[in-house]
Amino acid sequence: MTYAACNFVSSADIWGLPATRLHSTYGVGGYIAEFIVNYNISRLLLNDLYKYTWIDRKTRAILTEFTLYNVDDNVFVFITFLTEFLETGHNKYID
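Presented here is an overview of the structure given in this document. Computed from a prediction, not measured in an experiment: that's the story for all the values here. (Residues numbered from 1 in each chain as written. Predicted model: local features only at pLDDT ≥ 70, side-chain atom pairs only at ≥ 80, totals over all residues. Heavy atoms only, no water.)

1. Remarks on a nonpolar patch on the surface
Together, Leu68, Val75 and Val77 make up an exposed nonpolar region whose accessible area comes to about 220 Å². Residue position: Val75 is located in strand E6 (residues 75-85). Val75 gets classed as partly exposed once you look at its relative accessible area, which sits at 36%. (Patch = residues over 30% accessible without salt bridge, like charges linked within 9 Å, V, L, I, M, F, W, Y side chains within 5 Å. Areas by Shrake-Rupley, 256 points an atom, 1.4 Å probe, with all protein chains shown as cover. Salt bridge = Lys/Arg side-chain N within 4 Å of Asp/Glu carboxyl O. Helix = DSSP H or I, 4+ residues; strand = E, 2+ residues; numbered from the N terminus. Buried < 20%, exposed > 50% of the residue type's maximum accessible area, 1.4 Å probe, protein only.)

2. Brief notes about the packing of aromatic side chains
Applying the stated criterion to the full structure yields three aromatic pairs. On the numbers, 5.5 Å between centres and 75 degrees between planes, the contact of Phe8 with Tyr31 is edge-to-face. With Phe8 in strand E1 (residues 8-9) and Tyr31 in strand E4 (residues 30-31), the pair connects residues that are 23 residues apart, well separated along the chain. For Phe8, a relative accessible area of 54% gives the class exposed. A ring pair is formed by Tyr69 and Phe76, whose centres lie 4.5 Å apart and whose planes are at 35 degrees; its orientation type is tilted. Taking relative accessible area as the criterion, Tyr69 reaches 41% and is therefore assigned partly exposed. (Phe/Tyr/Trp six-rings, centres within 6.5 Å; stacked < 30°, edge-to-face > 60°.)

3. Digging into unusual backbone geometry
Residues apart from glycine generally show negative phi values, whereas peptide bonds are mostly found in trans. Phi at Thr53 takes a positive value of approximately 45 degrees, unusual for a residue other than glycine. Along the chain, Thr53 falls in the loop between helix H1 (39-51) and strand E5 (61-70). Among the residues examined, Thr53 registers a relative accessible area of 52% and is labelled exposed. At Asn74, a position not held by glycine, the phi torsion is positive, near 55 degrees. Along the chain, Asn74 turns up in the loop between E5 and E6. According to the relative accessible area criterion, Asn74 is exposed, its value standing at 54%.

See below:
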């Protein structure tokens, strides 16, 4: 289930913009875990990522991106959350 999340994806292979935050600028490439709409499958994927220490002390940032659609207004909203980790492994802040 987590096989795709273990493969590095270069920034040339995916569409996106770099994210600049307090400690660094993060490119769009990296290790990508894609969650689907089904809650049960997404929960299994999250458990596998935790089990196999996908996020470890070498992790510097985690970007969580998703899109919401409002049917009444016919509006798409694209949301990005970025969490940075210091070199000591602690979380500085959440943006």
